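For reference, the chains in residue letters:
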Amino acid sequence: MSTLVIKDLHVAIEGKEILKGVNLTINTNEVHAIMGPNGTGKSTLAAAIMGHPKYEVIQGTIEIDGQNVLEMEVDERAKAGLFLAMQYPSEISGVTNADFIRSAINARRGEGNEISIMQFIRELDKTMEFLEMDSEMAQRYLNEGFSGGEKKRNEILQMMMLKPTFAILDEIDSGLDIDALKVVAKGVNAMRGENFGCLLITHYQRLLNYITPDYVHVMMQGRVVKSGGPELAKKLEAEGYEWIKKELGIENTDAVIEKEEV
Amino acid sequence: MSIETKLAFSASEVRSFSESNNEPKWFADLRAAAIEKAAELPMPKPDKTNIEKWDFINFPKHTVKSDLFAIEELPEEVKELIDIDYQENLYIQRNNTPAVLKLSEELKAQGVIFTDFLTAVREHGDLVQKYFMTTAVKSDEHRLAAYHAALVNGGVFLYIPKNVVIEKPIQVVFLHDDEEASLFNHVLIVADQNSSVTYVENYLSTVETAKGQANLIEEVIALDNAQVTFGAVDVLAKGFTTYVNRRAHLNRDAKINWALGLMNNSNTISENITHLVGDGSSADTKTVVVATGEQKQNFTTEVRHWGKNSEGFILTHGVVKDAAQTIFNGIGKIEHGASKSNAQQESRVLMLSGKARGDANPILLIDENDVMAGHAASVGRVDPTQLYYMMSRGISKEEAERLIIHGFLAPVVNSLPIEGVKKQLTKVIEGKVRK
């Protein structure tokens, strides 16, 4: 079993503190969902875990099985088992999807231990079929000209090919129609197991109808303010966030402290 | 402006060189007239690069004699470019010496002419005289054009008769392996009506340095409805002063696709101009460049619209590193009367070092109302968001940059129709980016 432990995490962007002490522990074989109104720091948490250069960690720790993640470069974090399905994946012209994924797999496997082309193609074909992706997407340039839904599927394709220990899915459901949402959920559910832990970041309970989380956390004002089981998400869907604010005495006006950052 | 007009060759030397080649009188006269003019004509003026101090004139030897080699004995670097078993139409020139020439019986029977340039002057005088520096490039347009006409010492001539469609690429390799050599190569391609051809050339230095001149003029004449695909990869050694002028003249409904990988290690002035003279003619121009070291280079790509409904697309992607200085001029010019024409261009420059200098100058000159035109230009560093995205998959920063650069230069690599040439360009890019 692996464990991702986030302790007292404070993160600033351009000098402004967004996360103000996040505590979260995720084990493999667990799916956690983080919910919350817009601008409460959910995406900042995802970016800080992955090591986005714009986000500055000013206090706290992130560890995977005792290894200090914050000391690692972005690629080292990936090699340590982290994966972030991004809200806005980059487009890279001239680099095919297949070449990119193969380079990423080989970067993890290391020199001398590269995946054979045949094995790679077999796995890629199989996974694309599973995600109901057109096989020509393998030869298209990475995310270039992909629709919103195609980009999200492509993130899930990369996740399934790279087999991370911990995947963070940042608003993977935004902009998806119900069919695409089901496919994305199918991908995540297929990964669930002893070697996989997942952190879903979402506004909407809808995604959680297809991926049942083990834990649900509510984030507000840069902190996790409430945690519970799947029933918490249902309650949020039915009643909104007002009752939590009341319960915790949070002023409405403070709720929006961050613009959603890319 | 007074300019030092002493040329490296006199009129009598030009005459005697012409005589030693048994050239017809018209060509000897043309050379002699050109050397006189070269002394008077002004230099070309590449926009934003001052070439006053560049030496385009002096060289140690006008021609060098190189040994021939059998096709099995080709140097490894040349072999890699060619699929020997498959390539039926091939010209290899070693420095100034025609070394290998193959043309399939089938094409010969169809009337295709493919031969080294000086042989063409002797044996196909009618065609050469009609098109040599008369239509696309004029021998009196500036000093370097006249100097070229006077001193031309190699190159190739390709004529595709009416209605002949050549399926397989014609391949040419200009090998430079003698430091003393100068290249005054002339390439003349005449594609007659309704013909179609793919031509791919490599300029390849296998010596580290050069002491001579590379003054290269290449002309493509595409008559009505002809289609020409022109691929080139230039890798000339440091030490040359390179002037390379590739120009096309298109008649009605003719079409040209340029795919140019300009990877010289020398200081280089490159000019690539397409004249869309006929109505409905079109040009697709793709150029990629990697500039390194202390190179100074100027690349001008121009599509000039004369004909109605003509279409021109210019794509230029340049990578500039170390202390290299590189200017990219992209010009779309629509002349009065060229209505319903479309001039589009995209210039992008990726800077890999703080000391490098790169400039993209998109220019649209429009003298007609009813047209479409557009341009996009950018000069910048590798996008940190792209790097972050790729690194988040476990790819190191260096590898991510490498992938982004290869992707950036892919438009030309992917357009080259010969596998060996494609691989070589990828290898050259790799070498230049890694260094």
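Residues numbered from 1 in each chain as written. Chains lettered and ligands numbered in written order. Predicted model: local features only at pLDDT ≥ 70, side-chain atom pairs only at ≥ 80, totals over all residues.

1. With respect to the overall build of chain A
Thought 1: Of regular secondary structure, chain A possesses eight helices and ten strands.
Thought 2: Judged by the C-alpha coordinates and their principal axes, chain A covers about 60 × 40 × 35 Å.
Thought 3: Put simply, chain A has 262 residues, and 40% of those count as buried.
Thought 4: Within chain A, contacts between residues separated by at least 24 positions form 73% of all contacts whose residues are at least 6 apart in sequence. (Helix = DSSP H or I, 4+ residues; strand = E, 2+ residues; numbered from the N terminus. Buried ≥ 20, exposed ≤ 12 C-beta atoms within 10 Å, placed from the backbone. Contact = placed C-beta atoms within 7 Å.)

2. Quick look at the packing of helix H5 (residues 148-162) of chain A against helix H6 (residues 178-191) of chain A
How two helices sit against one another is set out by the angle between their axes and by the gap between those axes.
All names here are of chain A.
Thought 1: At a closest axis distance of 10 Å, the pairing of H5 and H6 adopts a crossing angle of 10°. Relative to H6, the element H5 is oriented roughly parallel. Residue-level inspection shows Gly-149, Lys-152, Arg-153, Ile-156, Met-159 and Met-160 of H5 in contact with H6, the latter providing Ala-180, Val-183, Val-184, Gly-187 and Met-191.
Thought 2: Of the residues assigned to the contact of H5 with H6, the class counts are seven nonpolar, two polar and two charged. (Axes fitted to C-alpha atoms, helices over the stretch in contact; angles between N-to-C directions. Parallel < 35°, antiparallel > 145°, perpendicular 65-115°, else oblique. Nonpolar A, V, L, I, M, F, W, Y, C, P; charged D, E, K, R; others polar.)

3. Looking at the domain arrangement of chain A
All names here are of chain A.
Thought 1: As assigned here, chain A comprises domain 1 (3-91 + 164-179 + 189-254) and domain 2 (92-142).
Thought 2: Taking the mean C-alpha position of each, domain 1 and domain 2 sit 27 Å from one another.
Thought 3: Taken together, the residues of the side of domain 1 that touches domain 2 sort by class into no nonpolar, one polar and three charged. (Domains from an automatic or database assignment.)

4. What about the UniProt feature "domain: ABC transporter" (unreviewed entry) in chain A?
Thought 1: The sites that carry the UniProt feature "domain: ABC transporter" (unreviewed entry) are, in the present numbering, residues 4-246 of chain A.
Thought 2: Counting secondary structure, residues 4-246 of chain A comes out at 35% helix and 27% strand; the distance between its end C-alpha atoms is 31 Å. (UniProt positions renumbered as here; feature names shortened; annotations may be inferred.)

5. Some details on the sheet that holds strand E9 (residues 215-220) of chain A
Residue and element names in this part refer to chain A.
Thought 1: Strand order in the open sheet formed by six strands is E6-E7-E8-E3-E9-E10, and the pairing between neighbours is mixed. The open sheet has two edge strands, strand E6 (82-85) and strand E10 (223-228), and neither has a second partner. Looking at each pair of strands side by side, their axes are set apart by 20° on average, direction ignored.
Thought 2: By the bridge criterion, five bridges tie strand E7 (residues 166-170) to strand E8 (residues 197-201) in an arrangement that is parallel. Counterpart to Asp-170 in the pairing with E8 is Ile-201. (Pairing = 2+ DSSP bridges.)

6. What about the nonpolar core?
Residue and element names in this part refer to chain B.
Thought 1: If you look at the biggest cluster of nonpolar residues, it comprises 203 residues, and the most contacted ones within it are Ile-189, Ala-191, Ala-222 and Val-228.
Thought 2: Per-element tally for this core: the top contributor is helix H9 (residues 397-413), with eight residues.
Thought 3: Val-228 has contacts with Ile-189, Ala-191, Val-197, Tyr-199, Val-220, Ala-222 and Ile-256, leaving out every residue within four places of it along the chain. (Core = buried A, V, L, I, M, F, W, Y, C linked by C-beta atoms within 7 Å.)

7. Comments concerning the domain arrangement of chain B
Residue and element names in this part refer to chain B.
Thought 1: Here chain B is described as being made up of domain 1 (11-278) and domain 2 (383-435).
Thought 2: Each side of the interface is counted separately: domain 1 has 17 residues, and domain 2 has twelve residues.
Thought 3: Breaking the side of domain 1 that touches domain 2 down by element, the ones donating at least two residues are strand E7 (196-205), strand E9 (227-235) and strand E11 (255-262).
Thought 4: Looking at the side of domain 1 that touches domain 2 element by element, the count peaks at four residues for E9.
Thought 5: Here the side of domain 1 that touches domain 2 is built from residues that sort into nine nonpolar, six polar and two charged.

8. Notes on the pairing of strand E4 (residues 55-64) of chain A
All names here are of chain A.
Thought 1: The pairing of strand E1 (residues 3-13) with E4 spans eight bridges and is antiparallel. Residue pairing across strands places Val-5 opposite Glu-63, the latter belonging to E4.
Thought 2: Where E4 meets strand E5 (residues 67-68), two bridges bridge the pair, whose relative direction is antiparallel. Bridging across to E5, Glu-63 finds its partner in Asn-68.
Thought 3: Taking the residues between adjacent antiparallel strands as the criterion, E4 and E5 are bridged by two residues, where Asp-65 takes a positive phi near 45°.

9. Some points on the UniProt feature "domain: SUF system FeS cluster assembly SufBD N-terminal" (unreviewed entry) in chain B
Thought 1: The positions UniProt marks with the feature "domain: SUF system FeS cluster assembly SufBD N-terminal" (unreviewed entry) are residues 101-172 of chain B.
Thought 2: Across residues 101-172 of chain B one finds 39% helix and 22% strand; the C-alpha atoms that close the span lie 9 Å apart.

10. Thoughts on the interface of chain B and chain A
Thought 1: If you look at the interface, chain B gives 19 residues, while chain A gives 21 residues.
Thought 2: Those elements that provide at least two residues to the side of chain B that touches chain A are helix H8 (384-391) and H9 of chain B.
Thought 3: Grouping the constituent residues of the side of chain B that touches chain A by class yields nine nonpolar, seven polar and three charged.

11. Some details on the environment of Leu-68 of chain B
Residue and element names in this part refer to chain B.
Thought 1: Residue placement: Leu-68 occurs in the loop between helix H2 (25-40) and helix H3 (76-79).
Thought 2: Judged by C-beta crowding, with 11 C-beta atoms within 10 Å, Leu-68 ranks as exposed.
Thought 3: Taking the C-alpha atoms as reference points, Leu-68 and Pro-98, 30 residues apart in sequence, are found 7.9 Å from one another.
Thought 4: Other than its neighbours up to four places away in sequence, Leu-68 contacts Thr-97 and Ala-99.

12. Details of the pairing of strand E14 (residues 296-305) of chain B
Each regular strand carries side chains that alternate between the two faces of the sheet.
Residue and element names in this part refer to chain B.
Thought 1: With nine of ten residues buried, E14 is to be regarded as a mostly interior element.
Thought 2: Two elements, strand E12 (residues 267-276) and E14, share nine bridges in a ladder whose sense is parallel. Note on E14: the bridge partner recorded for Ser-270 is Phe-299.
Thought 3: Relative to strand E16 (residues 325-334), E14 runs parallel, the two sharing ten bridges. Pairing of Thr-300 across the sheet is with Asn-329, part of E16.

13. Section: the UniProt feature "domain: SUF system FeS cluster assembly SufBD core" (unreviewed entry) in chain B
Thought 1: In the numbering used here, UniProt assigns the feature "domain: SUF system FeS cluster assembly SufBD core" (unreviewed entry) to residues 175-408 of chain B.
Thought 2: Between the end C-alpha atoms of residues 175-408 of chain B there is a gap of 28 Å, over a span that is 9% helix and 58% strand.

14. Describing the sheet that holds E4 of chain A
Residues and elements named next belong to chain A.
Thought 1: Here we have four strands laid out as an open sheet, ordered E2-E1-E4-E5, and antiparallel in their pairing. One side of each edge strand has no neighbouring strand; the edge strands of this open sheet are strand E2 (16-27) and E5.
Thought 2: One ladder, built from nine bridges, connects E1 with E2; its direction is antiparallel. What sits directly across from Leu-4, in E2, is Ile-26.

15. A closer look at the packing of H2 of chain B against helix H7 (residues 143-151) of chain B
Residue and element names in this part refer to chain B.
Thought 1: Two numbers describe how H2 lies on H7: the axes approach to 7 Å, and their chain directions differ by 150°. As far as their axial angle goes, H7 and H2 are roughly antiparallel. When the axes of H2 and H7 are compared, the crossing they make is left-handed. Of H7, the residues touching H2 (which contributes Leu-30, Arg-31, Ala-34, Ile-35, Lys-37 and Ala-38) are Arg-143, Ala-146, Tyr-147, Ala-149 and Ala-150.
Thought 2: Here the residues of the contact of H2 with H7 are counted per class, giving eight nonpolar, no polar and three charged. (Left-handed = near helix turned anticlockwise from the far one by under 90°.)

16. With respect to unusual backbone geometry
Backbone phi values are negative for most residues with the exception of glycine, while trans is the configuration of most peptide bonds.
Residue and element names in this part refer to chain A.
Thought 1: A positive phi angle, near 65°, is found at Asn-143, a position not held by glycine.
Thought 2: With respect to the helices and strands, Asn-143 occurs in the loop between helix H4 (117-130) and H5.
Thought 3: Although it is not a glycine, Gln-221 adopts a positive phi angle of roughly 50°.
Thought 4: With respect to the element layout, Gln-221 can be found in the loop between E9 and E10.

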